[in-house]
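# Geometric and topological summary
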Amino acid sequence: MAGPILMGPFKMPMMRDFVPKKVQPWLYVFIAAVFQLTGVVYLGSMGQMVGTTPLTQEDIMMIVFFGIVGVNMPFPFLFRFKFHFTNKQLLATHATIILICNFIAMYTTFMPLLCVMSYMAGFSKLCGTFECMSNIQLWMTPKRDFTIFFPFLYIIVLGDIQMSSYVAAYINFLYDWQAMNWLVIGLLCMVILIIVTCTKQFRFMKPLPLYSMDWLGCLLWSALLLEIVYIFNYGEYYNWFDSNNICVVTLALVPTGYFCIGRMMHIRHAYIERTAWNYHHLFTLLGLFLVTEILAAAPDVLQSIVIRNVLHYDSLHTADLYLFGVLGILLGSWFTWQWTHKWKLSYVRLIAIGYMGILAYHITMYTIIMPGINIEQFYAPTIAKMFGETIIFCALTIYLEEIMPFQHFFMGLTIIGMIRTGVGQAVGSAIYSFGTRYFIADNTAHYAGTISCVRAGLLEQKHQANLPQIISDFMLQMQMVSVKQLFGITCVCGLAFVLFLLVYDVPVRSSLKKMPYWEALGRKMKKEMKIL
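Residues numbered from 1 in each chain as written. Predicted model: local features only at pLDDT ≥ 70, side-chain atom pairs only at ≥ 80, totals over all residues. Heavy atoms only, no water.

Turning our attention to the overall build of the protein. Along the protein, the regular secondary structure elements total 20 helices and 0 strands. Split by element, the accessible area of the protein, about 23,800 Å² in all, is 67% carbon and sulfur. (Helix = DSSP H or I, 4+ residues; strand = E, 2+ residues; numbered from the N terminus. Areas by Shrake-Rupley, 256 points an atom, 1.4 Å probe, with all protein chains shown as cover.)

The structure is reproduced here in structure tokens:
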């Protein structure tokens, strides 16, 4: 069925008539939330998977990174899919792909297959989420205002990341790691049932063909990102360049990067066009996202060491932190909406406030780390971290839309996603992992003299403890001191960075560009393809 786009009050012509109009957009919010909840392996299940499968922690993280890169790659193709397939076809197909990937992931430990499944699931995850959110955008903001749209979108995206780990932790405690996959399969079956029963085939324009899509370029850029991620993910595990694996992958970066750039420079419809890299402040945004990911990687490494190795809290206690992370996301999204939509104030000041939130997390962690602290003392820092991270993600994405025309905006999302969803997290985790290993070794060398054979004997008599227990307690103290040092260094660097932002400013217009209507965008794409 085809028809003109509706320019009046908000309607969803793809929905069947028996579905109440007030329920229709909320169904798509639910479907988008389910898409964002999905994966192939789940970080909340990592502990059980490492114990029950031959996969290492680095293997599981690599599978997760394949999914993260997969999420980042469909952006240049999204409108081509939207203008070729119907809403029902897209949602049903992508839900089915993710369902199949989750089912296969439960019954195999073959690393290459799991990586491919994770990439496919991530690719479909973004396509399904975009199809949902693009159809209810006018419901959220009739004027297509990104200062409203992106804060709401990041509530779903970032909130689901937290909730998936929270749900996985509790399900693993009651059942096993496969139960999370079964839960996701059940939710996807519910989504497919809603799509089949509540939607119908609807087109607002004739379908555009799918030619002139640079699939090879997509695969090349994916390979380049995954090679970089591989180096930083497995660097500590293989002791960096002492390993042939790391050396081979590092050398592979040269030809892969050469083919990516060469294809971008010489074909007409490149996956990422050459002109998309030329916009002012684009590389500044990439740097800001890299700093954000490095600062945000601390909980994955440093906080985990304190909570699990020093304080010995189990997964159920740490799972509660994810709920407070959701609270921080809600507060950050609300504050960004107020700042950009209501108050219309400087983006640089807003970004500085976001970094202050993350910096407050690091300062608080530096001050509270000590033996025997309660898990409740981690709640406020977690809220502050997610508050700041949400502000930065929302503000920088809104600002990206301002500096790039819509023609290149989705390519720009892929460009910043190279840092935001993948490489940045891997680099940050590698830096903290290397720093932890270095400082533990350094502190152990400095303070090992305090437990020499003579002193160890005296301590053993004084505390009535055996030597292995004394050494074990000593190493726990070294871990705690090393983590504290890293938090302190991060605080100093982060404070200097925030002070730099506070003295730097750029002009901000009081009104931002609006996203064009889909029919107008489709006509423009037809002209570019020389169909009209």
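On to the packing of helix H8 (residues 146-174) against helix H9 (residues 178-198). Their axes nearest at 8 Å, the elements H8 and H9 cross at an angle of 125 degrees. For the element pair H8 / H9, the angle class is oblique. The handedness of the crossing between H8 and H9 comes out as right-handed. Contacts between H8 and H9 involve Ser164, Val167, Ala168 and Ile171 from the former and Ala179, Met180 and Leu183 from the latter. The residue makeup of the contact of H8 with H9, split by class, is 6 nonpolar, 1 polar and no charged. (Axes fitted to C-alpha atoms, helices over the stretch in contact; angles between N-to-C directions. Parallel < 35°, antiparallel > 145°, perpendicular 65-115°, else oblique. Left-handed = near helix turned anticlockwise from the far one by under 90°. Contact = heavy atoms within 4.5 Å. Nonpolar A, V, L, I, M, F, W, Y, C, P; charged D, E, K, R; others polar.)

Going through the model one piece at a time under the given rule, you end up with 42 aromatic pairs. Linked through ring pairs, Phe75, Phe79, Phe83, Phe130, Phe146, Phe149, Phe150, Phe406, Phe409 and Phe410 together constitute an aromatic cluster. Its guanidinium or amino end placed over the ring of Tyr366, Lys484 lies 5.0 Å from that ring's centre, counting from NZ or CZ. (Phe/Tyr/Trp six-rings, centres within 6.5 Å; stacked < 30°, edge-to-face > 60°. Lys NZ or Arg CZ within 6 Å of the ring centre and 35° of its normal.)

Considering the arrangement of structural elements, one finds Ile403 in helix H16 (residues 379-403). With 121 residues separating them in the primary sequence, Ile403 and Leu282 have C-alpha atoms 7.9 Å apart.

What follows is about a nonpolar patch on the surface. A cluster of nonpolar side chains, Met356, Leu495, Leu499, Phe500, Leu502 and Val503, forms an exposed patch at the surface whose accessible area comes to about 580 Å². Examining the composition of the nonpolar patch, we find that 4 residues originate from one element, helix H19 (residues 467-502), more than from any other. The exposure class of Met356 is partly exposed, given its relative accessible area of 38%. (Patch = residues over 30% accessible without salt bridge, like charges linked within 9 Å, V, L, I, M, F, W, Y side chains within 5 Å. Salt bridge = Lys/Arg side-chain N within 4 Å of Asp/Glu carboxyl O. Buried < 20%, exposed > 50% of the residue type's maximum accessible area, 1.4 Å probe, protein only.)

Now for the nonpolar core. In terms of nonpolar packing, the biggest core is built from 145 residues, with Tyr28, Met73, Trp221, Leu400 and Phe410 touching the most fellow members. No other element matches the 13 residues that helix H17 (residues 406-447) contributes to this core. If near-sequence neighbours (up to four positions away) are discounted, Phe410 is found in contact with Phe75, Pro76, Leu78, Phe79 and Phe130. Core analysis: the second largest hydrophobic core is formed by 25 residues, Val301, Tyr313, Leu321 and Ile375 among them. (Core = buried A, V, L, I, M, F, W, Y, C linked by side-chain atoms within 4.5 Å.)

By secondary structure assignment, the location of Thr141 is in the loop between helix H7 (137-140) and H8. Side-chain polar atoms of Thr141 contact the backbone nitrogen of Asp145, separated by 2.9 Å. With residues up to four places along the chain from it excluded, the contact list for Thr141 reads Ile148 and Phe149. (Polar contact = N/O pair within 3.5 Å; in protein donor to acceptor, adjacent residues only side chain to side chain.)

This part covers H9. With 21 residues, H9 ought to run about 30 Å at 1.5 Å a step, and its terminal C-alpha atoms sit 30 Å apart, in line with that. Close packing links the buried residues of H9 with helix H1 (24-37), helix H5 (87-105) and H8. (Expected span 1.5 Å × (residues − 1).)

One pass over the full model with this rule turns up 4 salt bridges. Asp214 is the salt-bridge partner of Arg263, the closest N and O atoms lying 2.7 Å from each other. Placement of the pair is Arg263 in helix H11 (residues 244-266) and Asp214 in the loop between H9 and helix H10 (215-234), with a sequence separation of 49 residues.

In this section: the confidence of the model for the protein. Low-pLDDT portions of the prediction should not be read for the details of their coordinates. Mean pLDDT for the protein: 86, with 90% of residues reaching 70 or above. When mean pLDDT is compared element by element in the protein, H10 scores highest at 95, while helix H18 (residues 453-463) scores lowest at 57. Under a pLDDT of 50 for its full length, residues 1-6 has, in the predicted model, 15 contacts with residues more than four places off or in other chains. Scored below 50 in pLDDT, residues 506-511 makes 7 contacts in the model with residues more than four places away or belonging to other chains. (pLDDT = per-residue confidence, 0-100.)

What follows covers the side chain of Asn87. Summarising the element assignment, Asn87 is placed in helix H5. Excluding anything up to four places from it in sequence, Asn87 contacts Met14, Tyr28, Glu131 and Asn135.

Turning next to helix H14 (residues 315-343). With 29 residues, H14 should cover 42 Å at 1.5 Å per step; its first-to-last C-alpha distance of 41 Å lies within 8% of that length. N-cap assignment for H14: the residue whose side-chain oxygen lies 3.3 Å from the backbone N of Leu316 is Asp314. The positive-phi residue at the C-terminal boundary of H14 is Lys344, with phi of around 55 degrees.

On to the environment of Ala380. With respect to the element layout, Ala380 can be found in helix H16. Along the sequence, Ala380 and Thr364 sit 16 residues apart, while their C-alpha atoms lie 8.7 Å from each other.

What follows deals with the environment of Gln57. Residue placement: Gln57 occurs in helix H3 (residues 57-72). A C-alpha to C-alpha distance of 9.9 Å links Gln57 and Asn233, two positions 176 residues apart in sequence. Dropping the residues within four chain positions of it, Gln57 is found in contact with Met46 and Val50.

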